[in-house]
Amino acid sequence: PISFDAWKKAITDSQMRVQNVGFEANIIENHDEPRGVSRFLPDYAQNADGAKMLGTVSVLLRGIPFIYQGQEIGMENMEFTSMDQIDDISTIDEYQVALRAGCSEKEALDAASAFSRDNARTPVQWSAEKNAGFSEGEPWLGVNPNYKEINAKQQLSDPNSIFRYYQKLIRLRKEKPVIVYGVFEALYRDHDQIFAYTRTLEGEKLLTVCNFSEHVVEMEIPEEFQKNAECLITNLGRKDFGKKVVLKPYEAFVLYKNL
């Protein structure tokens, strides 16, 4: 499992290291990684609101965000029940390594499949129809059984879906130069629940706040955002922003201020 503190430090360090040089590629998932919702979120946050929070962190960082197919609808890891469902040669090798290390077949399957590249290679979930609307034929890999709950067709019709949220994040990058070019500064660096940072450009400042905990947490809003700041996006519909706020579990919001 990924330590939240270590993950936050890795992102913060890379942001600080590169921001005077250029841009890095910001990736939650790709064809060689498990699904980001399953990899970077704790169990209690592996839902639509958690997926929105994870997208908020990534898309609004300095750098070039890559959105992998299915990430924008919150596709999750496959629950593989047999190695027969897996095609990836690396995962097959890791399974054999685990067996030789003394794991049972189930332990080896669980260990290898959790990080399998095939998690990100299952058919894109277009609809709740046969094979998730991906193909009338038999797909190369099996379809994730959750396709009836997580699919593009359903999310296109829902204004509060993960897909619509990602659209808003992308639109903000196009509208606010501070998101592309602003200087990154980490806040609450040693806090074990909050991931927060600012982005600053001449005349603009952005505050991104996320609670990665399953518990509520109180935080003080930086003074410059306590008055006349605009909320650009929020995953839980928060409207009150005073001197202090009590963050709900996996809550995210973004404040913007003209300086």
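As a starting point, this report considers the structure included with it. Remember, predicted model here, so these are calculated numbers, not experimental data.

1. A word on the state of the cysteines
Under the definition given, this model contains zero disulfides. Considering cysteine sulfurs only, Cys231 is the nearest to Cys210, which forms no disulfide, with 12 Å between them.

2. Concerning the layout of surface pockets
Where empty space is left in the structure can be found by rolling a water-sized probe over the atoms. Considered as a void within the structure, the largest pocket measures approximately 380 Å³ in volume. Around the largest pocket, the lining comprises 18 residues; the ones closest to its centre are Pro1, Ile2, Ser38, Arg39 and Leu41. Elements with a contribution of two residues or more to the lining of the largest pocket: α1 (4-18) and α2 (36-40). The element contributing the most residues to the lining of the largest pocket is α2, with three residues. For the lining of the largest pocket, the residue count by class is twelve nonpolar, four polar and two charged.

3. Quick word on the pairing of strand β8 (residues 244-247)
Here β8 shows one buried face, formed by Val245 and Leu247, and one open face, formed by Lys244 and Val246. Here four bridges tie strand β6 (residues 217-220) to β8, and the two strands are oriented antiparallel to one another. The residue of β8 that forms the bridge with Val217 is Leu247.

4. A word on the pattern of salt bridges
Counted by the stated rule, this structure contains nine salt bridges. A salt bridge links Asp32 to Arg117, with the shortest nitrogen-to-oxygen separation between them at 3.4 Å. With Asp32 in the loop between β1 (25-27) and α2 and Arg117 in the loop between α5 (105-114) and α6 (152-156), the pair connects residues that are 85 residues apart, well separated along the chain. Assessed through its relative accessible area of 32%, Asp32 is described here as partly exposed.

5. Description of empty space enclosed by the protein
What the rule picks out here adds up to one cavity of 30 Å³ or more. Quantified by volume, the largest cavity comes out at close to 30 Å³. Lining the largest cavity are Ile28, Glu29, Gly36, Val37, Ala51, Leu54, Gln71 and Tyr166. When residues of the lining of the largest cavity are traced back to their parent elements, those giving at least two are α2 and α3 (48-59).

6. Here's the deal with the sheet that holds strand β3 (residues 183-187)
Taken in spatial order, the five strands of this open sheet run β3-β4-β5-β9-β7, and their pairing is antiparallel. The open sheet terminates on both sides in strands that have one partner only, identified here as β3 and β7 (230-234). On average, each strand axis in the sheet is tilted by 20° relative to the strand beside it, whichever way the strands run. Note: β3 against strand β4 (residues 194-201), five bridges, orientation antiparallel. Paired with Phe184 across the bridge in β4 is Arg199.

7. Some thoughts on the packing of α3 against helix α7 (residues 162-175)
For the pair α3 and α7, the least separation of the axes is 10 Å and the interaxial angle reads 15°. With respect to their mutual orientation, α3 and α7 come out roughly parallel. Note on packing geometry: the crossing formed by α3 with α7 is right-handed. Of the residues in α7, those in contact with Ala48, Ala51, Lys52, Gly55, Thr56 and Val59 of α3 are Ile162, Tyr165, Tyr166, Leu169 and Arg173. Across the contact of α3 with α7, the residue classes break down as seven nonpolar, two polar and two charged.

8. Section: the pairing of β4
For β4, a buried count of six out of eight residues is recorded, marking the element as mostly surrounded by other parts of the structure. Here β3 folds back onto β4, and the loop between the two strands holds six residues, one of which, Tyr188, carries a positive phi near 50°. The antiparallel hairpin formed by β4 and strand β5 (residues 204-211) contains two residues in its connecting segment, where Gly203 sits at a positive phi of about 85°.

9. Things to note about the packing of aromatic side chains
Counted under the stated rule, the structure contains nine aromatic pairs. Look at Phe4 and Phe212: their rings are 5.0 Å apart centre to centre, the planes differ by 25°, and that puts the pair in the stacked class. A residue pair is termed long-range when its members are at least 10 positions apart, and Phe4 in helix α1 and Phe212 in the loop between β5 and β6 qualify at 208 residues. Owing to a relative accessible area of 16%, Phe4 belongs among the buried residues under this scheme. The structure contains a cluster of three or more aromatic residues connected by ring pairs, namely Phe4, Trp7, Phe40, Phe184, Phe195, Tyr197 and Phe212. Sitting above the plane of the Tyr256 ring, Lys176 keeps its charged end 4.0 Å from the centroid.

10. Description of the packing of helix α4 (residues 89-100) against α5
Here α4 crosses α5 at 140°, and the two axes come no closer than 8 Å. Between α4 and α5, the angle falls in the class oblique. In this structure, the crossing between α4 and α5 has a hand that is right-handed. Residues Thr91, Glu94, Tyr95, Ala98 and Leu99 of α4 lie in contact with α5, whose contacting residues are Glu105, Ala108, Leu109, Ala112 and Ser113.

Calculation notes
- Residues numbered from 1 in each chain as written.
- Predicted model: local features only at pLDDT ≥ 70, side-chain atom pairs only at ≥ 80, totals over all residues.
- Heavy atoms only, no water.
- Disulfide = S-S within 2.5 Å.
- 1 Å grid on protein atoms, 1.4 Å probe; cavity = no way out; pocket = protein on both sides within 12 Å on 5 of 7 lines; lining within 4 Å.
- Points joined across faces, edges and corners; volume = space filled by probe spheres on them.
- Helix = DSSP H or I, 4+ residues; strand = E, 2+ residues; numbered from the N terminus.
- Nonpolar A, V, L, I, M, F, W, Y, C, P; charged D, E, K, R; others polar.
- Buried < 20%, exposed > 50% of the residue type's maximum accessible area, 1.4 Å probe, protein only.
- Pairing = 2+ DSSP bridges.
- Salt bridge = Lys/Arg side-chain N within 4 Å of Asp/Glu carboxyl O.
- Axes fitted to C-alpha atoms, helices over the stretch in contact; angles between N-to-C directions.
- Parallel < 35°, antiparallel > 145°, perpendicular 65-115°, else oblique.
- Left-handed = near helix turned anticlockwise from the far one by under 90°.
- Contact = heavy atoms within 4.5 Å.
- Phe/Tyr/Trp six-rings, centres within 6.5 Å; stacked < 30°, edge-to-face > 60°.
- Lys NZ or Arg CZ within 6 Å of the ring centre and 35° of its normal.

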